[in-house]
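A closer look at the structure
Residues per chain, in single letters:
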Amino acid sequence: MIKLYGTSMSRAARSLWALEEAGVKYEHVPVGFTGETRKPEYLKINPNGHMPALDDNGTFLWESMAINLYIAEKYAKAPLWPSTVEGHAACYQWSFWGMTEMETPLLEIFMSRMRPADQRDEKVAQAGIEKLKTPLKVLDDHLQKSDYLLGKEFTIADLNVASVMSLAPLIQLDLSANPAAQKWLQKCLERPANQRAVAMK
Ligand SMILES: N[C@@H](CCC(=O)N[C@@H](CS)C(=O)NCC(=O)O)C(=O)O
């Protein structure tokens, strides 16, 4: 049985979403933020002490994007995992882009806004918002011409980028200057598979 480790309050949500979209049978092991990731048993699964981690019958994987691309390639059919090498390359491109261009500034805003009032630093948040302007424009320009990142259908590329951007509503990121990206994000996050994932422990 496949096991996915990590609470849905963490980046594990994106791998739970991928498993739900792929329709795979799996066991969710809801490791929490209470030091469980630093226990010797868990460090054998992910030596970084982070979540998510996947155990696919003895194949151990960590790094959420790697897990998701693996789940898609091994267990999903097109369109979730495209059928061409060019389609795979586009999935890698958008997934790496989400991690490298979007995730850090989103987390900076998260860390500066989602704190007790006396620890918030709106200057840091504004710097993150500034850094997001270029990638958000890239995304919005692309989605003005395309329903989803690779064309007419939802793929693992959409899942990976939308899961990174799922912080946007939480941190009150104003996406009104990027209406195509805003509409696409809402459409992705509303998918039943994501709703099931975020409802988990
Ligand atoms: N780049 C890693 C980051 C993993 C990560 O930092 N996970 C956080 C939760 S979102 C974590 O495990 N925090 C708890 C801890 O470090 O103990 C990935 O995408 O999987």
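Residues numbered from 1 in each chain as written. Predicted model: local features only at pLDDT ≥ 70, side-chain atom pairs only at ≥ 80, totals over all residues. Heavy atoms only, no water.

**Focus: the pairing of strand 4 (residues 59-62)**
Defined as follows: Between any two strands, pairing holds if DSSP finds at least two bridges. Only DSSP runs of H or I covering at least 4 residues are called helices, and only runs of E covering at least 2 are called strands; the numbering of each starts at the N terminus.
Note: strand 3 (residues 53-56) against strand 4, four bridges, orientation antiparallel. Bridged to Ala53 within strand 4 is Trp62. Taking the residues that link successive antiparallel strands as the turn, the strand 3-strand 4 hairpin has two residues, and the phi of Asn57 there is positive, at about 50°.

**Side note on the site of the ligand**
Just so we agree on the cut-off: Residues are labelled near a given molecule or strand when at least one of their non-hydrogen atoms is within 4 Å of it. Each polar contact in these results corresponds to two N or O atoms within 3.5 Å; when the atoms are within protein, one needs to be able to donate a hydrogen and the other to accept it, and residues that are neighboring in sequence are counted only if both atoms are side-chain atoms. All accessible areas in this document rest on Shrake-Rupley with a 1.4 Å probe, and a residue is counted as covered only by the protein chains that are shown. Residues were grouped as follows: Ala, Val, Leu, Ile, Met, Phe, Trp, Tyr, Cys and Pro as nonpolar; Asp, Glu, Lys and Arg as charged; and all remaining residues, including Gly, as polar.
Every residue lining the ligand is accounted for by Ser10, Arg11, Phe33, Thr37, Arg38, Gly49, His50, Met51, Pro52, Glu63, Ser64 and Met99. Interatomic distance of 2.7 Å between a side-chain N/O atom of Thr37 and an oxygen atom of the ligand. Residue Met51 places a main-chain N or O atom 2.7 Å away from an oxygen atom belonging to the ligand. In isolation the ligand offers 510 Å² of accessible surface; the protein chains occlude 79% of this area. Residue classes in the shell around the ligand are distributed as four nonpolar, five polar and three charged.

**Structural notes on the sheet that holds strand 4**
What counts is decided by this rule: To obtain an axis, a line is fitted to C-alpha atoms, over the contacting stretch when the element is a helix, and the angle between two such axes runs from 0 to 180 degrees between their N-to-C directions. Contacts are assigned to residue pairs with any non-hydrogen atoms lying within 4.5 Å of each other.
Strands sit in the order 2-1-3-4 across an open sheet of four strands; the sheet is mixed. This sheet does not close on itself; its edge strands, each paired only once, are strand 2 (26-29) and strand 4. On average, adjacent strands in this sheet sit at an angle of 15° to one another, irrespective of strand direction. Most of the contacts of helix 1 (residues 12-22) go to strand 1 (residues 2-5), to which it runs at about 150°, and overall it touches strand 1 and strand 2. Contacts from helix 3 (residues 64-75) reach strand 1, strand 3 and strand 4 within the one sheet, and its direction differs from that of strand 4 by about 135°.

**A look at the domain arrangement of the protein**
Spelled out, the test is: Domain start and stop positions are those given by an automatic or database domain assignment. Buried area, as used here, totals the accessible surface that two parts lose on assembly, with accessibility defined by a 1.4 Å probe and the loss added over both. Here, a salt bridge means any Lys or Arg side-chain nitrogen found within 4 Å of an Asp or Glu carboxyl oxygen.
Domain annotation of the protein identifies domain 1 (2-76) and domain 2 (85-195). Its C-alpha centre places domain 1 at a distance of 21 Å from the equivalent point of domain 2. With 13 residues of domain 1 at the interface, the matching set in domain 2 holds 19 residues. Here domain 1 packs against domain 2, burying approximately 1400 Å² in sum over the two surfaces, 68% of which is carbon and sulfur. If you sort the residues of domain 1 by the area they bury against domain 2, Trp17, Met65 and Leu69 come out on top, with a joint share of 51%. Linking domain 1 with domain 2 are three salt bridges. Between Glu103 and Arg11 there is a salt bridge, with its nearest N and O atoms 3.2 Å apart. Those elements that place two or more of their residues in the side of domain 1 that touches domain 2 are helix 1 and helix 3. Classifying every residue of the side of domain 1 that touches domain 2 gives five nonpolar, two polar and six charged.

**Let's talk about unusual backbone geometry**
Following Met51, the chain continues into Pro52 via a peptide bond in cis, with omega recorded as 10°. Inspection of the secondary structure assignment puts Pro52 in the loop between helix 2 (40-45) and strand 3. Here Ala78 and Pro79 are connected by a cis peptide whose omega angle stands at 10°. With respect to the element layout, Pro79 can be found in the loop between helix 3 and helix 4 (85-113). Residues other than glycine seldom take positive phi values, yet Asn57 does so here, at roughly 50°. Following the sequence through the fold, Asn57 ends up in the loop between strand 3 and strand 4.

**Some points on helix 3**
Short version of the rule: Between the first and last residue of a helix there are one fewer steps than residues, each counted as 1.5 Å, and that sum is the expected span. For every residue, the accessible area obtained with a 1.4 Å probe (protein chains only) is divided by the maximum for its type, and the residue is called buried under 20%, exposed over 50%, and partly exposed between those limits.
Taking 1.5 Å as the rise per residue, helix 3 with twelve residues should run 16 Å; its terminal C-alpha atoms sit 16 Å apart, in good agreement. Every buried residue of helix 3 is listed here: Ser64, Met65, Ile67, Asn68, Leu69, Tyr70, Ile71 and Ala72. As for helix 3, its buried residues are in contact with strand 1, helix 1, strand 3, strand 4, helix 4 and helix 6 (156-165).

**Some details on the nonpolar core**
Defined as follows: Residues belong to a common nonpolar core when they are buried Ala, Val, Leu, Ile, Met, Phe, Trp, Tyr or Cys residues joined through side-chain atoms within 4.5 Å.
Counting 54 residues, the largest nonpolar core has Trp17, Leu106, Leu139, Met165 and Trp184 as its most contacted members. Element by element, the count of residues in this core is highest for helix 6, at seven residues. Both domains that meet at this core, namely domain 1 (2-76) and domain 2 (85-195), each give it at least three residues. Beyond its immediate stretch of four places on either side in the chain, Trp17 contacts Phe154, Leu159, Ala162, Ser163, Cys188, Leu189, Arg191, Ala193, Asn194 and Ala197. Counting six residues, the second-largest nonpolar core is a separate cluster that includes Tyr5, Tyr42, Met51 and Ala53.

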